[in-house]
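Structural features, examined
The residues making up each chain are set out below.
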Amino acid sequence: MMEKMLPRYAVTDVKKLDRSFYEQNGIKAVIFDVDGTLYTGGIAKHLILGDIWRCMWALRERQTRKAMKSRDYMTADNYYNTFFSTLSQKTGKEESVMRDWYFNRYMPLMVRQIGKYCKPRPQINEVLESLRQKGIRLLVYSDYTRSKEKIESLGIDSSVFEKFYCAEEFGALKPQTRPFAQICQENGLELASTLMVGDKVDSDGGALAAGLQFTCIDGKNCKDVDRSKYDIVSWDEFVNICKK
């Protein structure tokens, strides 16, 4: 099942990923992932320590989310109904309790802990401004909600992004392809002219199967990835590419 979700093709010549790459390949927009892409620093342990009495709920949330990546639920209602029903079974708590915890406690906690313990990528604001000056449109697509709040908690200029999208609102987590295509359609973007930038081949890389281009920021999530198949660059390389 997992093999079916993996991206099928990629831009393989990393050396071409400079200003001429953007021009020659007609890239008109870049969609950024948030968690692990725009900032560094593990957040999982801080989510657990930030609400120690409900630490098992956080662990069950991650298990549930991981299990739901392989299916497109088509609508937010379908997704959330399945998500909270499963989470309720795993925790032994009523669905209403889990909904309240997730939206009103867990998500706000995530924003606070990211702002407190994580660091924005070096020169991130300069990178974003450089891309914007090239006439490239910028958007955000994250699996989790509250992307704009997370970005702002890190001191990143959120005004450079035209829109913020959440996979949950589409009813399909990454790497499901429909949301990638729908984002492009809603913004009048051609798939082949849009670049997705993320840190996970097995989730953000779903953009490739949808027809977008994809660049993966190197890190722990790329440890076992076949680098001959994907465009994987370090953050420093990405910065240099964008600022040329």
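Residues numbered from 1 in each chain as written. Predicted model: local features only at pLDDT ≥ 70, side-chain atom pairs only at ≥ 80, totals over all residues. Heavy atoms only, no water.

So, on to the sheet that holds strand β7 (residues 213-217). On the basis of which strands lie adjacent, the open sheet formed by 6 strands has the order β5-β4-β1-β6-β7-β8 and parallel pairing. Taken across any chain shown, the strands that pair with only one partner, and hence form the sheet edges, are β5 (163-166) and β8 (232-233). Both β7 and β8 contribute to a ladder of 2 bridges, which runs parallel. Looking at the pairing, C216 lines up with I232 of β8. (Pairing = 2+ DSSP bridges. Helix = DSSP H or I, 4+ residues; strand = E, 2+ residues; numbered from the N terminus.)

Glancing now at the confidence of the model for the protein chain. Across the protein chain, the average pLDDT comes to 90, with 90% of residues at 70 or higher. Low pLDDT, under 50, characterises residues 1-17; the predicted model gives this stretch 34 contacts beyond four residues in sequence or across chains. (pLDDT = per-residue confidence, 0-100. Contact = heavy atoms within 4.5 Å.)

A full pass over the atoms with the stated rule returns 21 aromatic pairs. Where F32 meets F238, the ring centres are 6.2 Å apart and the plane angle is 80°; that geometry is what we call edge-to-face. Taken as a pair, F32 in strand β1 (residues 29-32) and F238 in helix α12 (residues 235-243) lie far apart in primary sequence, 206 residues in all. Across the pair, F238 and F32 agree in class, each one buried. Ring centres 5.1 Å apart and planes at 90° place the aromatic pair Y141 and F180 in the edge-to-face group. Linking Y141 in strand β4 (residues 137-142) with F180 in helix α10 (residues 177-186), this pair joins segments that are 39 residues apart in sequence. Across the pair, exposure class does not vary: Y141 and F180 are buried alike. (Phe/Tyr/Trp six-rings, centres within 6.5 Å; stacked < 30°, edge-to-face > 60°. Buried < 20%, exposed > 50% of the residue type's maximum accessible area, 1.4 Å probe, protein only.)

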